[in-house]
Amino acid sequence: MTIDFTKSPDGLVPAVVQDDQTGKVLMLGYMNAEAYEKTQAEGIVTFFSRSKQRLWTKGETSSNFLHVRELLVDCDGDTLLIKATPDGPTCHTGADTCFAEVNRGRANPGRGQFLNYLQGIIHDRKVNPSDQSYTASLFKKGVNKIAQKVGEEAVELVIEAKDNNDDLFRGEAADLLFHYLVLLEEKNIDLDEIIDVLQQRHAK
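The present account deals with the structure reproduced in this document. Every value quoted in this text rests on a predicted model; they were computed, and no experiment measured them.

On to the overall build of the protein. A tally of helices and strands in the protein yields six helices and six strands. Mapped from its N terminus to its C terminus, the protein presents α and β elements in the order β-β-α-β-β-β-β-α-α-α-α-α. A compact globule built from 204 residues would reach a C-alpha radius of gyration of about 17 Å, whereas the protein, at 22 Å, exceeds it by more than 25%. Referenced to the eigenvectors of the C-alpha coordinate spread, the extents of the protein come out at roughly 65 × 40 × 40 Å. A burial count over the protein gives 32% of its 204 residues as buried. Here the contacts in the protein between residues at least 6 apart in sequence split such that 49% fall between residues at least 24 apart.

Attention now moves to the nonpolar core. Looking at soluble globular proteins, one finds that nonpolar side chains tend to be buried together. In terms of nonpolar packing, the biggest core is built from 17 residues, with Val17, Met31, Val45, Phe47, Leu66, Leu80 and Ile82 touching the most fellow members. When contributions to this core are tallied by element, the ones reaching two or more residues are strand S1 (13-19), strand S2 (25-31), helix H1 (33-42), strand S5 (66-73) and strand S6 (80-86). When sequence neighbours within four positions are dropped, the list of residues in contact with isoleucine 82 reads Ala15, Val16, Val17, Gln18, Met31, Val45, Val68, Glu70 and Leu71. Residues Ile146, Phe178, Leu184 and Leu191 belong to the second largest nonpolar core, which totals 14 residues.

Moving on: the environment of aspartate 175. Within the fold, aspartate 175 resides in helix H5 (residues 166-186). Separated by 147 residues in sequence, aspartate 175 and leucine 28 have C-alpha atoms that sit 37 Å apart.

On to the pairing of strand S3 (residues 46-49), then. Side chains of S3 alternate between two faces, with Thr46 and Phe48 and Phe47 and Ser49 buried alike. Two strands pair when backbone bridges link them, and S3 and strand S4 (residues 54-57) are joined in this way by four bridges, in the antiparallel orientation. Bridged to phenylalanine 48 within S4 is leucine 55. Between the antiparallel neighbours S3 and S4 lie four residues, among them glutamine 53 with a positive phi of about 55 degrees.

Where the residue is not glycine, phi is negative for most of them; where a peptide bond is considered, it is trans in most cases. If you check the backbone angles, glutamine 53 has positive phi at about 55 degrees while not being a glycine. Examined against the element boundaries, glutamine 53 turns out to sit in the loop between S3 and S4. Phi is positive for asparagine 188, which is not a glycine, with a value near 60 degrees. Along the chain, asparagine 188 falls in the loop between H5 and helix H6 (191-203).

Before going further, it helps to examine the pairing of S5. Both S5 and S6 contribute to a ladder of seven bridges, which runs antiparallel. From the neighbouring strand, leucine 66 faces S6, where its bridge partner is proline 86. In sequence, S5 turns back onto S6 through a hairpin of six residues, with glycine 77 there showing a positive phi of about 70 degrees.

As a further point, take a negative patch on the surface. A cluster of like negative charges, contributed by Asp190, Asp192, Glu193 and Asp196, occupies part of the molecular surface. Topologically, aspartate 196 is positioned in helix H6.

For the rest of this paragraph, the subject is the packing of aromatic side chains. This structure, assessed with the given rule, holds three aromatic pairs. Centroid distance phenylalanine 5 to tyrosine 36: 5.9 Å. Interplanar angle 55 degrees. Geometry classified as tilted. Taken together, the positions of phenylalanine 5 in the segment before S1 and tyrosine 36 in helix H1 put the pair 31 residues apart, joining distant regions of the chain. Residue phenylalanine 5 shares its accessibility class with tyrosine 36, and that shared class is buried.

Turning our eyes to something else, we now look at a nonpolar patch on the surface. A surface patch of nonpolar side chains, about 240 Å² in accessible area, is lined by Val25, Leu28 and Phe99. Relative to the elements of secondary structure, leucine 28 occurs in strand S2.

Turning next to the environment of serine 130. Here serine 130 lies in the loop between helix H2 (113-127) and helix H3 (134-141). Taking the C-alpha atoms as reference points, serine 130 and isoleucine 82, 48 residues apart in sequence, are found 33 Å from one another. One polar contact links serine 130 to glutamine 132, side chain to side chain, over a distance of 3.0 Å.

Rules used in this analysis
Residues numbered from 1 in each chain as written. Predicted model: local features only at pLDDT ≥ 70, side-chain atom pairs only at ≥ 80, totals over all residues. Heavy atoms only, no water. Helix = DSSP H or I, 4+ residues; strand = E, 2+ residues; numbered from the N terminus. Rg over C-alpha atoms; globule rule 2.2 N^0.38 Å. Buried < 20%, exposed > 50% of the residue type's maximum accessible area, 1.4 Å probe, protein only. Contact = heavy atoms within 4.5 Å. Core = buried A, V, L, I, M, F, W, Y, C linked by side-chain atoms within 4.5 Å. Pairing = 2+ DSSP bridges. Patch = residues over 30% accessible without salt bridge, like charges linked within 9 Å, V, L, I, M, F, W, Y side chains within 5 Å. Areas by Shrake-Rupley, 256 points an atom, 1.4 Å probe, with all protein chains shown as cover. Salt bridge = Lys/Arg side-chain N within 4 Å of Asp/Glu carboxyl O. Lys, Arg positive; Asp, Glu negative; His and termini not counted. Charge placed at Lys NZ, Arg CZ, Asp CG, Glu CD. Phe/Tyr/Trp six-rings, centres within 6.5 Å; stacked < 30°, edge-to-face > 60°. Polar contact = N/O pair within 3.5 Å; in protein donor to acceptor, adjacent residues only side chain to side chain.

So this is what it looks like as structure tokens:
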């Protein structure tokens, strides 16, 4: 799908910017064909400023640039979705996002969306195994060995929790979370199903 700038009398199309890690909507801007081409060429989001009547690269004064990860066009070809990694706060107020939630003290959430991406990679290793893949080797050993590995990682995390080395603790926490996702995949249970349980408990 290509973008059609002729649909608007001023040649501008709305461009929604979304944090590629958290999925949070960061801001809305407008692009003309020149801004779109510059954004594609440089990998940094550039808009057409309606107030300044010129191209405007987000971050040109603050250095809080938006690094493009993916450019998507909607089904009508007249709106852009830009998935980007921000260098810092997106809003001129210093907030992470330009939208109302930050005015209630809520900032851009963490990078939990990466877990969904990682879940997809783990699934691929299961259905398309490779001899070079550690994850595929876990699936080859079966559910008992995977569950045992989760237990081992949990014990190692508990041990590190008793010490004061935060780097080692983070590493063990990451190991446990990874192997937990592998176990979910082996059991054919999606992470969203676990989140559903947590949400149901939270609602009670």
